[in-house]
Amino acid sequence: MRAITHDVYGNSEVLHMSDVPVPSHSNKEVLVKVKSAGLHKGNWHLMTGIPYIVRLAFGFSRPSNKVMGSDISGVIDKVGGNVTTFKVGDEVFGTTKGDQGGWAELCVCDPNQLTIKPPSINWNDAGAVPTSAVTALEALRDVGNVKPGQKVLIIGASGGVGIYAVQLAKHTFSCEVTGVCSGAKADMVRTLGADYVIDYAQGPDVTTLGKSYDLILDIAGDRTVSSMRKILTPDGTLVLVGGEGGNKIAPFGRMIYMSLANRFVKHNLKVFMSVVTTALMEFIKGEMEAGRLKAHVGREYSFEDARKAMADHEEGKLAGKAAILIGAEEKKAMADHEEGKLAGKAAILIGAEEKKAMADHEEGKLAGKAAILIGAE
């Protein structure tokens, strides 16, 4: 099968398309035929091996699992003998086993990290949300203990976790939301629901406005704990999301400091590492179906352009989430065929020209039926 792999640690240039064996699954696992895959900061950490401490778990000198990706949507292809929650043919979304192996035609998943994908959620949206949306939910509800009417500050509001934190805080938990982000993405954060948006580069500095917040989510990781405590209400909560902002060896200095300091201060200083579960995915799915949470996919990439997706992520060019189309095109072609929308033949090439074929179909330029070419000729 085809997969996006990396043989060494490095930036997006180390990624390439490879032919790899189909992964084997245990009696407790399922094999999923991937339709679309997402991209988040954790993928970058595993690609680069930075911070270096992650290499203790994922390969010290070289990655032990070479296949990239963790967030996926797809169809159950095979089911382990002890799995009772899913069956072959179920449409699902969630994360892969070990947070690796998702940028491939087939991947292994733990059923406890999947949920059924409803027809109202498309493949790309489903594949984009799992890790980032669940992290935002846990930070707000489970760790931050958010309450309706509270003032919530989200530092890093335009990032993968931030775009979901803004929406959940505003539309699900009915809070007043202030987002800190780059000026280029300020309008996007406003459309997500933020009441106030602050450009971190142009200012004003959020710590100098004289405003206090009941809950602060620090996703960007570039401010001191003491500066953020100054703008918390007396019983306010500061949640550090992930380990951003540390050094390349072991970036957990702020996390350790907050864990120790929390014993001696009135503020609630919280750190956590998110884990995707079916229960959390069910909540996210419900918010998406209700229209309170949108995936906000900013750009779609073909399977072959996965390296470009990572490069755009590295350079901060993404406004929203990235969706990597792995098997979603064939579903669209079949749906159009079933609904009688085709006016001729189309060739959806699993390669460099597939997006051109789809564009011609959408613009009515085709004069024949659709053919999906799997392979070279």
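Residues numbered from 1 in each chain as written. Predicted model: local features only at pLDDT ≥ 70, side-chain atom pairs only at ≥ 80, totals over all residues. Heavy atoms only, no water.

### Some remarks on the packing of helix H1 (residues 41-48) against helix H10 (residues 306-314)
- Where H1 contacts H10, the axes come no closer than 11 Å and their chain directions differ by 105°. The pairing of H1 with H10 is recorded here as roughly perpendicular in orientation. Along its contact with H1, which presents Lys41, Asn43, Trp44 and Met47, the element H10 presents Met310, His313 and Glu314.
- When the residues that make up the contact of H1 with H10 are grouped by side-chain class, the tally is three nonpolar, two polar and two charged. (Axes fitted to C-alpha atoms, helices over the stretch in contact; angles between N-to-C directions. Helix = DSSP H or I, 4+ residues; strand = E, 2+ residues; numbered from the N terminus. Parallel < 35°, antiparallel > 145°, perpendicular 65-115°, else oblique. Contact = heavy atoms within 4.5 Å. Nonpolar A, V, L, I, M, F, W, Y, C, P; charged D, E, K, R; others polar.)

### Quick look at the pattern of salt bridges
- By the definition in use, this model includes 16 salt bridges.
- Between Asp142 and Arg141 there is a salt bridge; the shortest N-O distance is 2.7 Å.
- The class of Asp142 is partly exposed, set by a relative accessible area of 42%.
- One salt-bridge network, held together by shared partners, links Arg2, Glu105 and Glu304. (Salt bridge = Lys/Arg side-chain N within 4 Å of Asp/Glu carboxyl O. Buried < 20%, exposed > 50% of the residue type's maximum accessible area, 1.4 Å probe, protein only.)

### Examining the nonpolar core
- Of all hydrophobic cores here, the largest spans 46 residues; its most connected members are Leu140, Ile154, Tyr164 and Leu217.
- Once residues within four sequence positions are removed from consideration, Tyr164 is found in contact with Ala128, Val129, Ser132, Ala133, Ala136, Leu293, Lys294, Ala295 and Lys321.
- In this structure, Val30, Val32, Val83 and Ile324 belong to the second largest nonpolar core, which totals 30 residues. (Core = buried A, V, L, I, M, F, W, Y, C linked by side-chain atoms within 4.5 Å.)

### A few points about unusual backbone geometry
- The omega angle of the peptide bond from Gly203 to Pro204 is 0°, so this bond is cis rather than trans.
- Backbone geometry at Asp99 places phi at a positive 60°, although glycine is not the residue there.
- Phi angles above zero are rare outside glycine, and His296 is one such case at about 55°.
- Relative to the helices and strands, His296 resides in the loop between helix H9 (278-289) and strand E14 (297-302).
- His296 gets classed as partly exposed once you look at its relative accessible area, which sits at 26%.

### Some thoughts on the confidence of the model for the protein
- Within the protein, residue pLDDT values average 87, and 84% of them lie at 70 or more.
- The low-confidence segment residues 345-355 (pLDDT under 50) makes 35 contacts with residues lying over four places distant or belonging to another chain.
- Every residue in residues 370-377 scores below 50 in pLDDT, and together they form 15 contacts with partners more than four places removed in sequence or on other chains. (pLDDT = per-residue confidence, 0-100.)

### Quick look at the packing of aromatic side chains
- Per the stated rule, a full pass over the model turns up zero aromatic pairs.
- In this structure, Lys41 is placed above the aromatic ring of Trp44, and the distance from its NZ or CZ to the ring centre is 4.4 Å.
- Note that Arg141 overlies the ring of Phe283, its terminal NZ or CZ placed 4.9 Å from the centroid. (Phe/Tyr/Trp six-rings, centres within 6.5 Å; stacked < 30°, edge-to-face > 60°. Lys NZ or Arg CZ within 6 Å of the ring centre and 35° of its normal.)

### Brief notes about the pairing of E14
- Direction of pairing for E14 relative to strand E15 (residues 321-325): parallel, over a ladder of five bridges. Bridge pairing links Val297 to Lys321 in E15.
- Assessed by its sense of winding, the connection that carries the chain from E14 through H10 to E15 is right-handed. (Pairing = 2+ DSSP bridges. Right-handed = clockwise from strand over helix to strand, strands pointing away.)

### With respect to the packing of helix H4 (residues 130-143) against helix H5 (residues 160-172)
- Following both chains from N to C, one finds H4 and H5 inclined at 50°, their axes separated by 8 Å at the closest point. Overall, the two elements H4 and H5 adopt an arrangement that is oblique. The element H4 and its partner H5 pack so that their crossing is right-handed. Packed against H4, whose contacting residues are Ser132, Ala133, Thr135, Ala136, Leu137 and Leu140, the element H5 presents Gly160, Val161, Tyr164, Ala165, Leu168 and Ala169 at the interface.
- Residues of the contact of H4 with H5, tallied by class, amount to nine nonpolar, three polar and no charged. (Left-handed = near helix turned anticlockwise from the far one by under 90°.)

### Looking at H4
- In terms of burial, H4 is a largely internal element, 12 of the 14 residues being buried.
- All of the buried residues along H4 are Pro130, Thr131, Ser132, Ala133, Val134, Thr135, Ala136, Leu137, Glu138, Ala139, Leu140 and Val143.
- Two residues or fewer past H4, Asn145 is found with a positive phi of approximately 50°.

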